[in-house]
Amino acid sequence: VMGIAIQGVLEDFYNKELWKGQHENLEKMLVDMVRQRFSEELQRNYVDWKQAPSWEELLTICEDGVKNYMKTMKAHKLLGPYAKSEVKLKGKLGDIKIAGKVDFLIQRSDTGVTILDGKNSKIKMKYVDPDQLRYYGLVFTRQYGQMPDRLGFVWYRYPYDAEEGEEGVDWIEFTRRDLVSLGERAVAARQGMLRGEFEARPKAKHCRWCDYESV
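Small disclaimer: the values here were computed from a predicted structure and weren't measured. Starting from 1, residues in each chain are numbered consecutively following that chain's sequence as written. Only residues with pLDDT of 70 or above have their local features reported here, since the model is predicted, and side-chain atom pairs are shown and tallied only from 80 upward, although totals for entire chains, interfaces and linings are computed over all residues. The basis for the side-chain values is all heavy atoms of the structure; hydrogens and waters are excluded.

J.: When you look at the pairing of strand S2 (residues 96–108) in this model, what are you seeing that I'm missing?
T.: Note on strand geometry: in a regular strand, side chains alternate between the two faces of the sheet. Inspection of the sheet shows strand S1 (residues 82–93) paired to S2 by 11 bridges, in the antiparallel sense. Bridge pairing links Tyr-82 to Gln-107 in S2. When DSSP finds two or more bridges between a pair of strands, those strands are recorded as paired. Counting from the N terminus, the helices are the DSSP runs of H or I reaching at least four residues and the strands are the DSSP runs of E reaching at least two. Between S1 and S2, which follow one another and run antiparallel, lie 2 residues, and Gly-94 among them has a positive phi close to 65°. Sheet analysis places S2 next to strand S3 (residues 112–119), joined by 5 bridges and oriented antiparallel. When the sheet's bridge partners are listed, Phe-104 is paired in S3 with Leu-116. Hairpin geometry of S2 and S3 is characterised by an intervening segment of 3 residues between the two adjacent antiparallel strands.

Structural data, given as structure tokens:
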């Protein structure tokens with residue numbers, strides 16, 4: 001619920017270009033938006049209030065998440081002639097179609113093409129897989145014929161803070177060979193599926209959120 005609320009507001013911020021023009025109370029406008037989005041998500045989703053923090057605490061995390069992103073955005077210049085959110089990418093590996101939807105796609109003359117994935121995690125890098133971003137990089141490369149310049153996880157709970165040495169973004173290293181290797185893995189996986197070879201390989205990292213984890 002929190003992640004959807006934060007991402008929904010930032011999607012509007014980019015796609016409706018709310019950053020353009022003179023908004024004296026831009027932060028207040030975004031906070032009002034996240035409150036509305038949070039309320040809507042609570043109506044759509046079940047929350048076990050015996051397990052979850054209080055309504056007020058969840059809302060505060062959402063409000064802080066949007067404000068925190070603004071700090072990181074300014075520090076890393078995450079705006080440009082092309083700056084969009086929830087961008088659909090499509091490509092092909094031979095006859096295999098691949099696709100993805102990226103949280104943020106930004107293009108600037110000085111930093112090139114940046115692909116970011118937003119995370120509301122309590123602990124950075126604990127439940128994330130850098131290959132998620134490399135996969136987005138692969139799809140982008142297959143669609144446009146060029147590699148992105150930067151891939152990164154942006155943290156809503158850990159904004160840029162020069163004094164604390166916090167960057168707000170963890171940049172993921174990648175090479176052309178990394179993307180080629182990932183494509184080869186995707187092709188091999190697809191071929192295995194067509195042959196009916198896709199046995200389960202349970203791991204706590206992969207299965208901890210599954211409804212059927214107990215069985």
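J.: Help me out: how do you make sense of the side chain of Asp-103 in this one?
T.: By the element assignment, Asp-103 lies in strand S2. Throughout, exposure labels follow a simple rule: accessible area from a 1.4 Å probe, protein chains only, divided by the maximum for the residue type, with under 20% read as buried, over 50% as exposed, and the rest as partly exposed. Just so you know, the count uses Lys and Arg for positive and Asp and Glu for negative, and it drops His and the chain ends. Any Lys or Arg side-chain nitrogen found within 4 Å of a carboxyl oxygen on Asp or Glu counts as a salt bridge. Look at Asp-103: it is buried, it has no salt bridge, and the nearest opposite charge is Lys-119 at 6.3 Å. For this analysis, a polar contact is any N or O atom pair within 3.5 Å, provided that within protein one partner can donate a hydrogen and the other can accept it, and provided that sequence-adjacent residues contribute only side-chain to side-chain pairs. A polar contact of 2.8 Å, which involves the side chain of Asp-103, links it to the backbone nitrogen of Gly-118. If we skip the residues at most four places from it in the chain, Asp-103 touches Gln-7, Lys-84, Ser-85, Glu-86, Leu-116, Asp-117 and Gly-118. In what follows, residue pairs with any heavy atoms lying within 4.5 Å of each other are defined as contacts.

In short, shape yes, function no, at least from these values alone.
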